[in-house]
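Analysis of the macromolecular model
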Protein chains: 2
Amino acid sequence: MTEQARPPLPPGAAGTPRGTLYLVPAPLDFGCDEQAPLEDALPAGTLRKAAGITHWICENAKSTRAYLKRIDALHPLAAPLQGQSITELPREVHKKGDHQGAPGGAAGFDASPLLAAAMAGHDMGLVSEAGMPAVADPGSSVVRAAHDLGVRVEPLTGPVSVLLALAASGLNGQNFAFNGYLPQDAAQRAQRIRELEALALRQGQTQLFIETPYRNPALWQALVKTLQPHTRLAFASGLTLASARTASQLVRHWRQQPEMLDSRTPVVFAIGR
Amino acid sequence: MTEQARPPLPPGAAGTPRGTLYLVPAPLDFGCDEQAPLEDALPAGTLRKAAGITHWICENAKSTRAYLKRIDALHPLAAPLQGQSITELPREVHKKGDHQGAPGGAAGFDASPLLAAAMAGHDMGLVSEAGMPAVADPGSSVVRAAHDLGVRVEPLTGPVSVLLALAASGLNGQNFAFNGYLPQDAAQRAQRIRELEALALRQGQTQLFIETPYRNPALWQALVKTLQPHTRLAFASGLTLASARTASQLVRHWRQQPEMLDSRTPVVFAIGR
């Protein structure tokens, strides 16, 4: 919560018009066997803008290069792949989250040096492995630093799994919360499920959360067992893929008609009334 | 929370393969002087899918027709405009929200009769005036009814103002809540602002909300006056338009550098630490 003094601007940047930081969404098929056609999941405007960017801040350089290759096939890149400047966010920012001051967050991380190219007048792209950077993914420290440095921030349209799942859940979309991951320990997880259910039932606030794919079946079993029969439980798996599935039923239905979630596809879960 | 018996399927539908209910996002420029090129804000896959749909459930038939005209210019519609079946959600569902059981919601509304065409084998589209149907907009009753009737639900990718604003805020995107509108009464609004700030500061949960454009300046003033100096306050206005603006600063900054929000452009607000 303390606002630190910002480092001085990089030499030579004074007076140079700053570039824009574009928040570039990525397709949701990262790590999946299946791929979605890029032009079905991302607007041409987003792809064209991404193709023109040559300076990147990313979660993972390898997946960023793979994404740029897919873009290049539709909209030729302004610079060849080997000519792109691609900088990864430090590992500790991935693990702890890079929201300054958030519980467990890497509070000391200052992303402003990463924006040197923007200060020198280049447009930059921020990208994560899937979906929107800085939403259920690292990147917020970079966005915050951009605002503090007077670098314009423009979010580009693309798929966001949490929101697609919310819309497809049929649950309250006027009031909702995203909670990230639930605890791994079974007892703590059950307690957290009951807390989120209480919030959903009392306030009508839909509660969304995610899990690492290989733990999806265990989380699903815990949800069906722990939640009350009249709570509504929804999931959306493989969003934007041909194999995408969405379902939303009362828990008492799920108890009668067991559902096996596959353990390799990203799933978003939602509970509400 | 009570699960009512569903009405019998429409005559003749038994045995017919059901259609899919597509959740069709709309551009964010509804009611704005400016329009965004459609292909910059929506993937070709979404536009192509929408062009093939001839049965619609919508918030407003007039804006749906205007949207279909814009789609037709890029992807010719499967049926001419006058041949499209367009059904509006009832007015009371707009006003009270159509989340069954939500506080103040139109709990008695059963949307399943609206899905007769899907039961008879036609794909259907659900669309609102801007952004994603059923997210900060009506439509969740239709999605819920589709799941209950065994109609497949597929959300299509497009712009969602709340999520674009969250990403551009630089605030915590691992834990966030959307709260809809704040109260209009000044004292109640200030109290609600303080409640949301307490949640944001205590739990690190970013709090998002919206306002009717002509009340944006009043809400902004109330936020700058009511929030604590070290709380971070962000806004995103005119998202996806050429005139889009995003900003995120500590409240003490906003007090020193007053900001006038325009009263005609949609704005999403966010607070956090």
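Just so it is clear, the structure is predicted and the values come from calculations on it, not from any experiment. Sequence order sets the numbering: in each chain, residues are counted from 1 along the sequence as written. To read the labels, note that chains go from A and ligands from 1, taken in the order they are written. Where local features are concerned, this predicted model is filtered to residues with pLDDT of at least 70; where side-chain atom pairs are given and counted, the filter is 80 or more; whole-chain, interface and lining totals use all residues. Based on all heavy atoms of the structure, the side-chain values leave hydrogens and waters out of the count.

All names here are of chain A. Domains assigned within chain A are domain 1 (20–155) and domain 2 (161–272). Here the limits of each domain have been adopted from an automatic or database domain assignment. One C-alpha centre belongs to domain 1, the other to domain 2, and the line joining them spans 28 Å. Between two residues, a contact is recorded if the distance between any of their heavy atoms is within 4.5 Å. Opposite the eight residues of domain 1 that make contact, domain 2 presents eleven residues. As used here, buried area is the combined drop in accessible area, with a 1.4 Å probe, of two parts when they are placed together. Between domain 1 and domain 2 lies a buried interface of about 780 Å² when both sides are counted; carbon and sulfur atoms form 65% of it. Together, Leu28, Glu34 and Ala136 form the three largest contributors to the area buried by domain 1 at its contact with domain 2, with a combined 58%.

The relation between the two chain copies is a rotation about an axis coupled with a shift along that axis. Superposition of the copies was done by least squares, using only C-alpha atoms of residues whose pLDDT is at least 70 in both. The two copies are related by a screw operation: chain A maps onto chain B through 180 degrees of rotation and 0.0 Å of translation along the axis, at an RMSD of 0.0 Å. Taken together, the rotation angle and the small translation identify this as a two-fold axis. Of all interface residues in chain A, 100% are interface residues in chain B too; the two copies therefore contact each other through one and the same surface.

Moving on: the packing of helix H8 (residues 186–203) of chain B against helix H9 (residues 216–226) of chain B. Residue and element names in this part refer to chain B. Interaxial angles span 0 to 180 degrees and are taken between N-to-C directions of axes, which are lines fitted to C-alpha atoms, for helices over the stretch in contact. Here a strand is any run of E in DSSP of at least two residues, a helix any run of H or I of at least four, and the numbering for each starts at the N terminus. For the pair H8 and H9, interaxial distance at closest approach is 10 Å and the crossing angle is 55 degrees. Put simply, H8 runs oblique to H9. For the pair H8 and H9, the sense of crossing is right-handed. Note on element contacts: H9 touches H8 through Ala218, Leu219, Ala222, Leu223 and Thr226, opposite Arg189, Ala190, Ile193, Arg194 and Glu197. Each angle is binned into one of four classes, with values under 35 degrees roughly parallel, values over 145 roughly antiparallel, values of 65 to 115 roughly perpendicular, and all other values oblique. We call a crossing left-handed when the near helix sits turned anticlockwise from the far one by less than a right angle, and right-handed when that turn is clockwise.

Moving on, we come to the sheet that holds strand E5 (residues 152–155) of chain B. Residue and element names in this part refer to chain B. Spatial strand order, E3-E2-E4-E1-E5: five strands in an open sheet with parallel pairing. Unpaired on one side and paired on the other, strand E3 (85–88) and E5 mark the two borders of the sheet. Direction aside, neighbouring strands of the sheet carry axes that sit 20 degrees apart on average. Alignment of strand E1 (residues 20–23) against E5, held across four bridges, turns out to be parallel. Directly across from Tyr22, in E5, lies its bridge partner Glu154. DSSP bridges decide pairing: two strands pair if at least two such bridges lie between them.

With respect to topology, ten strands assemble into an open sheet ordered E9(A)-E8(A)-E10(A)-E7(A)-E6(A)-E6(B)-E7(B)-E10(B)-E8(B)-E9(B), the strand pairing being mixed. Looking along the sheet, the strands with just one partner apiece sit at the ends: strand E9 (245–250) of chain A together with strand E9 (245–250) of chain B. The mean inter-strand angle of the sheet, taken between neighbouring strand axes irrespective of direction, is 15 degrees. Relative to strand E10 (residues 267–272) of chain A, strand E8 (residues 232–237) of chain A is paired through six bridges, and the arrangement is antiparallel. By the bridge assignment, A:Phe235 is partnered in E10(A) with A:Phe269. Strand contacts of helix H7 (residues 161–169) of chain B: strand E6 (176–181) of chain A together with strand E6 (176–181), strand E7 (206–210), strand E8 (232–237), E9 and strand E10 (267–272) of chain B, with the helix running at about 45 degrees to E10(B), the strand carrying the most contacts.

Here we come to the environment of A:Ala222. Residue and element names in this part refer to chain A. Note on placement: Ala222 falls in helix H9 (residues 216–226). To sort residues, take the accessible area from a 1.4 Å probe on protein chains only and compare it with the maximum for the residue type: under 20% means buried, over 50% means exposed, and anything in between is partly exposed. On the basis of relative accessibility, which here comes to 13%, the residue Ala222 falls in the buried class. With residues near it in sequence (within four places) discarded, Ala222 still touches Arg189 and Ile193.

Side chains of nonpolar character tend, in soluble globular proteins, to be buried together. Buried residues of nine kinds, namely Ala, Val, Leu, Ile, Met, Phe, Trp, Tyr and Cys, make up a nonpolar core once their side-chain atoms join them within 4.5 Å. Within the largest apolar cluster, 81 residues are counted, with the highest numbers of intra-cluster contacts made by A:Leu21 and B:Leu21. The residues contacting A:Leu21, other than those within four sequence positions of it, are A:Leu115, A:Met124, A:Gly125, A:Leu126, A:Val142, A:Val143, A:Ala146, A:Val151, A:Arg152, A:Val153 and A:Glu154.

Glancing now at the interface of chain A and chain B. Opposite the 70 residues of chain A that make contact, chain B presents 70 residues. Buried surface at the junction of chain A and chain B, both sides included, amounts to about 5,300 Å², of which 55% is carbon and sulfur. In what follows, salt bridge is the name for a side-chain nitrogen of Lys or Arg lying within 4 Å of a carboxyl oxygen of Asp or Glu. Summed over the shared surface of chain A and chain B, the number is four salt bridges. As a salt-bridge pair, A:Arg232 and B:Asp148 come within 3.3 Å of each other at their nearest N and O atoms. In protein, a polar contact means a hydrogen-donor-capable atom and an acceptor-capable atom, both N or O and within 3.5 Å, with residues adjacent in sequence counting only if both atoms are side-chain atoms; elsewhere, any N or O pair within 3.5 Å suffices. Counting across the interface, chain A meets chain B through 22 residue pairs in polar contact (both at pLDDT 80 or more).

A few words now on the side chain of A:Thr20. By the secondary structure assignment, A:Thr20 is in strand E1 (residues 20–23). Apart from residues no more than four positions distant in its own chain, A:Thr20 is found in contact with A:His122, A:Asp123, A:Met124, A:Val151, A:Arg152 and A:Glu154.

All names here are of chain A. The score called pLDDT rates the predictor's confidence residue by residue, from a low of 0 to a high of 100. Taken residue by residue, chain A gives an average pLDDT of 91. The fraction at 70 or more is 90%. Low pLDDT (under 50) marks residues 1–9, which in the prediction has 17 contacts with non-local residues, meaning those over four places away or in another chain. Overall fold confidence for the complex sits at a pTM of 0.93, while the interface term, ipTM, reaches 0.92.

With respect to the element layout, B:Ser112 can be found in the loop between helix H4 (91–96) and helix H5 (116–119). At a separation of 2.8 Å, a polar atom in the side chain of B:Ser112 contacts the side chain of B:Asp110.

Across the six residues that make up E6(A), a large majority, five, are buried. Considered for its hand, the β-α-β crossover made up of E6(A), helix H8 (residues 186–203) of chain A and strand E7 (residues 206–210) of chain A is right-handed. As defined by bridge partners, E6(A) adjoins E6(B) across three bridges and the pair is classed as antiparallel. For A:Phe178, the partnering residue across the bridge sits in E6(B) and is B:Phe176. If the strands point away from the viewer and the path from the first strand over the helix to the second runs clockwise, then the crossover is right-handed.

Residues other than glycine predominantly adopt negative phi, and peptide bonds predominantly adopt the trans conformation. Phi at B:Ala134 is positive, roughly 75 degrees, even though this residue is not glycine. Its identity is not glycine, yet B:Thr240 carries a phi of approximately 75 degrees, on the positive side.

Here we take up the packing of aromatic side chains. Residues and elements named next belong to chain A. Here is the rule: rings of Phe, Tyr and Trp (six-membered ring for Trp) pair when centre to centre is within 6.5 Å. Planes less than 30 degrees apart are stacked, more than 60 are edge-to-face, and the remainder are tilted. Scanning all chains against the criterion turns up twelve aromatic pairs over all chains. Ring geometry for Trp220 versus Phe235: centroids 5.3 Å apart, planes at 85 degrees, classification edge-to-face. Remark: Phe235 occurs in strand E8 and Trp220 occurs in helix H9; sequence separation between them is 15 residues. Considered together, Trp220 and Phe235 belong to a single accessibility category, that of buried residues. Ring centres 6.1 Å apart and planes at 45 degrees place the aromatic pair Phe235 and Trp254 in the tilted group. Residue Phe235 is located in strand E8, and its partner Trp254 is located in helix H10 (residues 251–256); the two are separated by 19 residues in the primary sequence. Neither Phe235 nor Trp254 differs from the other in exposure class; each is buried.

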